[in-house]
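# Architecture and fold: a report
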Amino acid sequence: MHLRLHRTLVLTVAATLGMMAFAEAPEVIHHRLNGNEGGPHASFGAAPTAGSTSALTSPLKNYGGQVMTTPTVYVIWYGNWAQGNGTDTASGQQIVTDFFNTIGGSPYFNIQQTYPGSGITGNVNYGGATTVAYPYGASLSDANIQSIVSDAITGGHLPNDATGLYFVLTSSDVNEASGFCSQYCGWHTHGTIAGSNHRYGFIGNAARCITSCAAQSVGPNGNAGVDGMVSVLAHELEEATTDPDIATWKTRRGAENGDSCAWTFGTTYLTANGAYANMKLGTRDFLIQRNVTFRSTGQYCALVK
Ligand SMILES: [Zn+2]
């Protein structure tokens, strides 16, 4: 069965495609709607784009599928995360771990509570991580990502969890050949693994293509590639929560919540190392894209509900 992946478009392609009308593949439907916030996207190195504060003109609707009321996130670190390049490092992994341990119940993620009738709690469980080297090499296919998740579950390295959301996070020397860096920065989908439906996704270290998959060249935690990944992780996390099987909260054209607010950050501030950030989770500053919140007057991209 054909699986539709939902992808975080690269920054530069978003800026270009947002202004174009053309025949589209599914990913491009995604891309066109990234332009709905109006105005150009952030140019790399400048202050991140705040984005529109008007109600969305292409609102999300509930198509009747499931949501993940409280996802349990599992991470599979693929490749080599012990490199001397300043980004594929243990301290880089810690940024992601800290993000998953603090995003649940935050003002930002409590936006998810506003989806009518969904029962989404705004909480996130972090279920732990496992590490693999390069069992499928350094150039992966979409099918390889599913195999990596399947191997982790069937090999007993991660729990077989129906409420799980499994992210394959690759080091910067790994490509995802279906379009990482050129078409998207990450994606989520679902599929049958170990005999039942599982939700999973891919996000690569943005250091591989920093001008395409990050909004700035300096990260608030001193690791521009991983700091860039965190915004994409938030995007895929909120999409997987509200649309885990690509059958629930979407626009008429198939865009999800994260797509409607991609590459827009609201009000930002400068951190001590010169990076921009827009929220604090735990002890860390992050620059994370906005998400769609439901209010009595409509749906908006925002950082809080
Ligand atoms: Zn998306």
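To be clear, the structure that these remarks concern was listed above.
Just so we're clear, the structure is a prediction, and the values are computed from it rather than from any experiment. (Residues numbered from 1 in each chain as written. Predicted model: local features only at pLDDT ≥ 70, side-chain atom pairs only at ≥ 80, totals over all residues. Heavy atoms only, no water.)

### Some thoughts on the pairing of strand 8 (residues 184-193)
Looking along a regular strand, one sees side chains alternate from face to face of the sheet. Counting buried positions over the 10 residues of strand 8 gives nine, a clear majority of the element. The sheet contact formed by strand 8 and strand 9 (residues 196-204) spans eight bridges and is antiparallel. Paired with G191 across the strands is H198, a residue of strand 9. In this antiparallel pair of consecutive strands, strand 8 and strand 9, the connection spans two residues, and A194 shows a positive phi of 50°. (Buried < 20%, exposed > 50% of the residue type's maximum accessible area, 1.4 Å probe, protein only. Helix = DSSP H or I, 4+ residues; strand = E, 2+ residues; numbered from the N terminus. Pairing = 2+ DSSP bridges.)

### Section: the packing of helix 3 (residues 90-102) against helix 6 (residues 224-242)
Here helix 3 crosses helix 6 at 30°, and the two axes come no closer than 10 Å. For the element pair helix 3 / helix 6, the angle class is roughly parallel. For the element pair helix 3 and helix 6, the recorded crossing hand is right-handed. On the side of helix 3, the interface is formed by G92, I95, V96, F99 and F100, while helix 6 contributes V226, D227, V230, L233, A234 and L237. (Axes fitted to C-alpha atoms, helices over the stretch in contact; angles between N-to-C directions. Parallel < 35°, antiparallel > 145°, perpendicular 65-115°, else oblique. Left-handed = near helix turned anticlockwise from the far one by under 90°. Contact = heavy atoms within 4.5 Å.)

### Focus on the state of the cysteines
Under the counting rule described, the total for this entry stands at three disulfides. Here C261 engages in a disulfide with C301; their sulfurs sit 2.1 Å apart. When the S-S torsion is -90°, as for the bridge of C261 with C301, the disulfide is left-handed. In this pair, C261 sits in the loop between helix 7 (257-260) and strand 11 (269-270) while C301 sits in strand 16 (residues 298-302), placing the two residues 40 residues apart along the sequence. Note on C261: relative accessible area 0%, which makes it buried. Going through the protein chain in sequence order and numbering each bonded cysteine, the pairs you get are 1-3, 2-4, 5-6. (Disulfide = S-S within 2.5 Å.)

### Re helix 6
Quick reminder: α-helices carry 3.6 residues per turn. Residues three or four places apart thus point the same way. For helix 6, spanning 19 residues, the distance from its first C-alpha to its last is 28 Å, which sits close to the expected 27 Å at 1.5 Å a residue. Across the 19 residues of helix 6, 19 count as buried, placing the element largely inside the fold. (Expected span 1.5 Å × (residues − 1).)

### Considering unusual backbone geometry
Even without glycine at this site, C181 takes up a positive phi of about 80°. Mapped onto the fold, C181 is located in the loop between strand 7 (175-176) and strand 8. In this structure, W263 is a non-glycine residue whose phi angle is positive, near 65°. With respect to the helices, strands and loops of the structure, W263 is situated in the loop between helix 7 and strand 11. W263 gets classed as buried once you look at its relative accessible area, which sits at 5%.

### Quick look at helix 4 (residues 142-154)
An ideal rise of 1.5 Å per residue puts 18 Å on 13 residues; helix 4 measures up with 19 Å between its terminal C-alpha atoms. Count one or two residues on from helix 4 and you reach G156, which has phi positive near 80°.

### A short note on the side chain of D285
Locating D285 in the fold gives a position in strand 14 (residues 284-286). For the buried D285, no salt bridge is present, and the opposite-charge side chain at shortest range is K280, 4.1 Å distant. Of note is the side chain of D285, whose polar atom sits 2.7 Å from the side chain of Y269. (Lys, Arg positive; Asp, Glu negative; His and termini not counted. Salt bridge = Lys/Arg side-chain N within 4 Å of Asp/Glu carboxyl O. Polar contact = N/O pair within 3.5 Å; in protein donor to acceptor, adjacent residues only side chain to side chain.)

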